[in-house]
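Listed here are the chains, written in short residue letters.
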Amino acid sequence: MTATSTRETSTAKKGKVLLAKPRGYCAGVDRAVQTVEKAIELYGAPVYVRKQIVHNKHVVKTLEGLGAIFVDETDDVPEGAIVIFSAHGVAPVVHDKAAERNLKTIDATCPLVTKVHREAVRFAKDDYDILLIGHQGHPEVIGTSGEAPAHVQLVDGPEDVANVTVRDPDKIVWLSQTTLSVDETNETVDALRERFPSLQSPPSDDICYATQNRQTAIREIAAQADLVIVVGSRNSSNSKRLVEVAKDYGAKDAHLVDYAEEIDAAWLDGVETVGVSSGASAPEILVRGVLDYLAARGYDDVEEIESVREHMIFALPHELRKDLRA
């Protein structure tokens, strides 16, 4: 399905823009951002948020303007205050520390991340070695590992497979961070399975629907694009993966930007077709800024390429819904 829109510009026509769809906010990010907004409306400012609610510079700055205070740990939250846990999830020890400080907690963990947490708990209970495919230090990986630290071993890409050690090669399972590249994850799983033929897979796909859909969408436009611009922050795993996927699938050049102002005009030299997408934590207003930037430079023919339709919606956290009903 395609839809074409044209922007007026005073510059000479240079080329076209292929706009990927779906792009931008996924259901989990939308839920998390709404959670902070609604909490501030309901309880008043300030409302504390442990870590960035989602990995996007603009979103964090906007929420700070409304009255959110972002902290690294629950120890930084005044005793008895409200704290929201980010969409990336937290380990059980974080809940325990919050309880010790008498904090009112609202858990904005994406339900798809919660699903991976539950899988880790289940397989640990059955005494499996859990090989968690993900990136060292990512909040989601820290949270999932914290569910069963004695059983979880991180595998950071195919090159890390040689470092894996297990107790029983017939009793191992792989899980994954939800925001990875589908292709790289499959490559890592294949390498693991070469070493451990009995490796079990999770009961359902761990890479979230939105990550997969945005990667599928960018594949469709990459081969046709001289340049791909992905809107997203540099600490956003899924946004960085989109740049990688664009290059892997034929884009001559690809870059990640937070704002249109970060675009280097030299990137457009000799470019006829620009692909545009955004990570799952990037708001649409930032994409519109990039389109306006391109239109002002002659790229005013925008064709939206829709590869998959999304209908997923997640309810707000139950702690917040309960207070909203009161």
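In the block above lies the structure referred to throughout.
Computed from a predicted model, the values in this text were never measured in an experiment.

Colleague: Tell me about the side chain of His117, and please be specific about residues and values.
Modeller: Inspection of the secondary structure puts His117 in helix H4 (residues 111–125). Of note is the side chain of His117, whose polar atom sits 3.5 Å from the side chain of Thr144. Setting aside its immediate chain neighbours within four residues, His117 contacts Val90, Gly143, Thr144 and Glu147.

Colleague: Pulling in residues and values, what's your account of the sheet that holds strand S3 (residues 47–50)?
Modeller: Strand order across the open sheet formed by four strands is S4-S3-S5-S6, with parallel pairing between neighbours. Pairing within the sheet leaves two strands with one partner each, and these edge strands are strand S4 (68–71) and strand S6 (104–107). Going from strand to strand, the sheet's axes swing by 30° on average, the running direction of each strand aside. Relative to strand S5 (residues 82–85), S3 runs parallel, the two sharing three bridges. Its bridge partner lying in S5, Val49 is registered against Ile84. Along the sheet, helix H1 (residues 27–43) contacts S3, S4, S5 and S6; its crossing angle with S6, the most-contacted strand, is approximately 150°.

Colleague: Can you lay out the packing of H1 against helix H10 (residues 318–325) for me, pointing to particular residues and giving the numbers?
Modeller: Axis separation between H1 and H10 bottoms out at 11 Å; the angle between their running directions is 35°. The handedness of the crossing between H1 and H10 is left-handed. Along the contact surface, H1 presents Thr35, Lys38, Ala39, Leu42 and Tyr43, while H10 presents Glu319, Leu320, Asp323 and Leu324. In terms of residue class, the contact of H1 with H10 is built from five nonpolar, one polar and three charged.

Colleague: Tell me about the sheet that holds strand S8 (residues 152–155), residues and numbers included.
Modeller: Note on sheets: strands pair through backbone hydrogen bonds, and any given pair is parallel or antiparallel. Spatial ordering of the open sheet is given by S8-S7-S9, a layout of three strands whose pairing is parallel. On the outer flanks of this sheet lie S8 and strand S9 (172–176), each paired with one strand and no other. Neighbour-to-neighbour, the strand axes of the sheet open up by a mean angle of 30°, direction not taken into account. Summarising the sheet, strand S7 (residues 129–133) and S8 pair through four bridges and their orientation is parallel. Its bridge partner lying in S8, Ile133 is registered against Val155. Set on the sheet, helix H6 (residues 182–195) makes contact with S7, S8 and S9; between it and S7 the angle comes to about 150°.

Colleague: I'd love a proper account of the pairing of S7, names of residues and values included.
Modeller: By the criterion of burial, S7 is predominantly enclosed, with five of the five residues buried. Because side chains alternate across S7, one face comprises the buried residues Asp129, Leu131 and Ile133, and the other comprises Ile130 and Leu132, equally buried. In this sheet, S9 lies alongside S7 in parallel orientation, the contact comprising five bridges. Opposite Asp129, over in S9, you have Ile172 as the bridge partner.

Colleague: Please provide a residue-by-residue account of the packing of aromatic side chains, values included.
Modeller: A full pass over the atoms with the stated rule returns one aromatic pair. Geometrically, the ring pair formed by Phe123 and Tyr128 is edge-to-face, given 5.3 Å between the ring centres and 75° between the ring planes. For the pair formed by Phe123 and Tyr128, the shared burial category is buried. The ring of Phe123 has Arg122 lying over it, and the distance from NZ or CZ to the ring centre is 4.8 Å. In this structure, Arg297 is placed above the aromatic ring of Tyr293, and the distance from its NZ or CZ to the ring centre is 3.6 Å.

Colleague: Please provide a residue-by-residue account of the packing of H1 against helix H2 (residues 57–66), values included.
Modeller: Where H1 contacts H2, the axes come no closer than 10 Å and their chain directions differ by 10°. Our classification of the angle between H1 and H2 gives roughly parallel. For the pair formed by H1 and H2, the contact residues are Val33, Val36, Glu37 and Ile40 on the first element and Val59, Leu63 and Leu66 on the second. Counted by class, the contact of H1 with H2 contains six nonpolar, no polar and one charged residues.

Thresholds, definitions, all that
- Residues numbered from 1 in each chain as written.
- Predicted model: local features only at pLDDT ≥ 70, side-chain atom pairs only at ≥ 80, totals over all residues.
- Heavy atoms only, no water.
- Helix = DSSP H or I, 4+ residues; strand = E, 2+ residues; numbered from the N terminus.
- Polar contact = N/O pair within 3.5 Å; in protein donor to acceptor, adjacent residues only side chain to side chain.
- Contact = heavy atoms within 4.5 Å.
- Pairing = 2+ DSSP bridges.
- Axes fitted to C-alpha atoms, helices over the stretch in contact; angles between N-to-C directions.
- Left-handed = near helix turned anticlockwise from the far one by under 90°.
- Nonpolar A, V, L, I, M, F, W, Y, C, P; charged D, E, K, R; others polar.
- Buried < 20%, exposed > 50% of the residue type's maximum accessible area, 1.4 Å probe, protein only.
- Phe/Tyr/Trp six-rings, centres within 6.5 Å; stacked < 30°, edge-to-face > 60°.
- Lys NZ or Arg CZ within 6 Å of the ring centre and 35° of its normal.
- Parallel < 35°, antiparallel > 145°, perpendicular 65-115°, else oblique.

No statement about biological role is implied by the geometric values presented.
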